[in-house]
Amino acid sequence: MTSRNVRTSFGPRSGAAVIAVAGTLLMAGCSGGAPADPGTGTPTPSQSASPSVPPTPTPSAVYKPADASGPAQNVPVPVLPEVAKTETKEGLEAFTRYWFELLSYGYETGDTKPLSAITGPDCKMCENAKQVQEGWHRDGRWLSGGKVTTPVIDTNFAVASDGNYQVAVQVSQEALSYYNADKSLDSAEPKPADSGNLVLAVFRDGSWFVKTVEPIVG
């Protein structure tokens, strides 16, 4: 698959904002001495232990965002909050925020496995996003920008007859640049307008799972 085909399968040029379509939201060492020998009458010099040497700290890997010189490095993997493991309104909202953090992580790394593990295969917008992320992190290529944030997340926490919970999400994404292996800029997309998505999620086997993500239209 050519780089251009991968990119245009999803993105502003194809008529879809990156996982967001315009719409309105629904809602020390120790030392010691040997005691003097009382039988000799001559004090024995105190024996001091060698001071302990603190271990050399291991340098922490430093996060470096992607830019024109190369891909992102040492990108921290989003962590699922404890509250997001509960079938509560707060848990669902925390899980939804975590889901979009994984989406953002995919743009930086091309690693879509964490997102795929909690997302159904019928989510077309999700599959399109993953195709871009995976395709543009192959053969020395990379993406710069594209960070996804969620300024507003809201749900009435009412389960529908089909078992789904609905979550309205305002999505904001940074401008996104596409780089080739030779460090040339293939293309760049400006920051799209913030937009709305409706997340349909279920709670099963003790955890949340996204069935699909759809644009909020209207």
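All values derive from a computational prediction rather than experimental measurement.

Novice: Just give me the short version of the environment of Ala-158, but keep the residues and values in it.
Specialist: Assignment of secondary structure puts Ala-158 in the loop between strand S2 (148–154) and strand S3 (165–173). Separated by 69 residues in sequence, Ala-158 and Lys-89 place their C-alpha atoms 9.1 Å apart. Aside from chain neighbours lying at most four places away, what touches Ala-158 is Asn-164 and Tyr-165.

Novice: Describe the side chain of Thr-150, naming the residues involved and giving the relevant values.
Specialist: Mapped onto the secondary structure, Thr-150 falls in strand S2. Setting aside residues up to four positions removed in sequence, Thr-150 forms contacts with Arg-97, Phe-100, Val-169 and Gln-170.

Novice: Break down the confidence of the model for the protein for me, with residues and values.
Specialist: Any segment with low pLDDT has predicted coordinates that should not be analysed in fine detail. Within the protein, residue pLDDT values average 82, and 72% of them lie at 70 or more. Here residues 1–50 is a poorly scored stretch, pLDDT under 50, and it has 93 contacts once near neighbours within four places are set aside; other chains count.

Novice: Give a detailed account of the pattern of salt bridges, specifying residues and quantitative values.
Specialist: A full pass over the atoms with the stated rule returns five salt bridges. Its salt-bridge partner being Lys-64, residue Asp-67 comes within 3.3 Å of it at the nearest N-O pair. For Asp-67, a relative accessible area of 32% puts it in the partly exposed group. When the shortest N-O distance is used, the salt bridge between Lys-89 and Glu-93 registers 2.7 Å. Residue Lys-89 and its partner Glu-93 are both found in helix H2 (residues 89–109); the two are separated by four residues, about one turn of the helix. Judged by its relative accessible area of 31%, Lys-89 is partly exposed.

Novice: Run through the state of the cysteines, naming residues and quoting values.
Specialist: Applying the stated criterion to the full structure yields one disulfide. Sulfur-sulfur distance for the disulfide between Cys-123 and Cys-126 comes to 2.0 Å. Between Cys-123 and Cys-126, the disulfide has an S-S torsion of 60° and is therefore right-handed.

Novice: How would you sum up the packing of aromatic side chains? Please name residues and give values.
Specialist: The full count for this structure, using the stated rule, is eight aromatic pairs. Plain terms: the ring middles of Trp-136 and Tyr-178 are 5.1 Å apart, the flat faces sit at 70° to each other, and that makes the pair edge-to-face. With Trp-136 in the loop between helix H4 (124–135) and strand S1 (142–145) and Tyr-178 in strand S4 (residues 176–179), this pair connects stretches of sequence that are 42 residues apart. Just as Trp-136 is buried, Tyr-178 falls in that class too. Between Trp-142 and Tyr-179, the aromatic rings sit 5.2 Å apart at their centres with planes inclined by 10°, giving stacked as the arrangement. Here Trp-142 is found in strand S1, whereas its partner Tyr-179 is found in strand S4, with 37 residues between them in sequence. Taking relative accessible area as the criterion, Tyr-179 reaches 10% and is therefore assigned buried.

Novice: Account for the side chain of Ser-177, naming residues and giving values.
Specialist: Within the secondary structure, Ser-177 is located in strand S4. The buried category is assigned to Ser-177, whose relative accessible area is 18%. Ser-177 has contacts with Trp-142, Leu-143, Ser-144, Leu-185, Ser-187 and Ala-188, leaving out every residue within four places of it along the chain.

Novice: Run through unusual backbone geometry, naming residues and quoting values.
Specialist: Even without glycine at this site, Asn-74 takes up a positive phi of about 50°. If you trace the backbone, Asn-74 turns up in the loop between helix H1 (3–8) and H2. Residue classification places Asn-74 among the partly exposed positions, given a relative accessible area of 43%. Phi at Asp-139 takes a positive value of approximately 55°, unusual for a residue other than glycine. Checked against the element boundaries, Asp-139 lands in the loop between H4 and S1. Here Asp-139 falls in the exposed class, since its relative accessible area comes to 68%.

Novice: I'd like a description of the sheet that holds S4, backed by residues and values.
Specialist: Sheet architecture is open: three strands sit in the order S1-S4-S5, paired in antiparallel fashion. Edge positions in the sheet fall to S1 and strand S5 (185–189), since each of these pairs with one other strand and no more. Here the average twist between neighbouring strands, direction ignored, is 20°. Pairing between S4 and S5: four bridges, direction antiparallel. Residue Tyr-179 lies in a different strand from S5, and its bridge partner there is Leu-185.

Each value, and the rule that gives it
- Residues numbered from 1 in each chain as written.
- Predicted model: local features only at pLDDT ≥ 70, side-chain atom pairs only at ≥ 80, totals over all residues.
- Heavy atoms only, no water.
- Helix = DSSP H or I, 4+ residues; strand = E, 2+ residues; numbered from the N terminus.
- Contact = heavy atoms within 4.5 Å.
- pLDDT = per-residue confidence, 0-100.
- Salt bridge = Lys/Arg side-chain N within 4 Å of Asp/Glu carboxyl O.
- Buried < 20%, exposed > 50% of the residue type's maximum accessible area, 1.4 Å probe, protein only.
- Disulfide = S-S within 2.5 Å.
- Phe/Tyr/Trp six-rings, centres within 6.5 Å; stacked < 30°, edge-to-face > 60°.
- Pairing = 2+ DSSP bridges.
- Axes fitted to C-alpha atoms, helices over the stretch in contact; angles between N-to-C directions.

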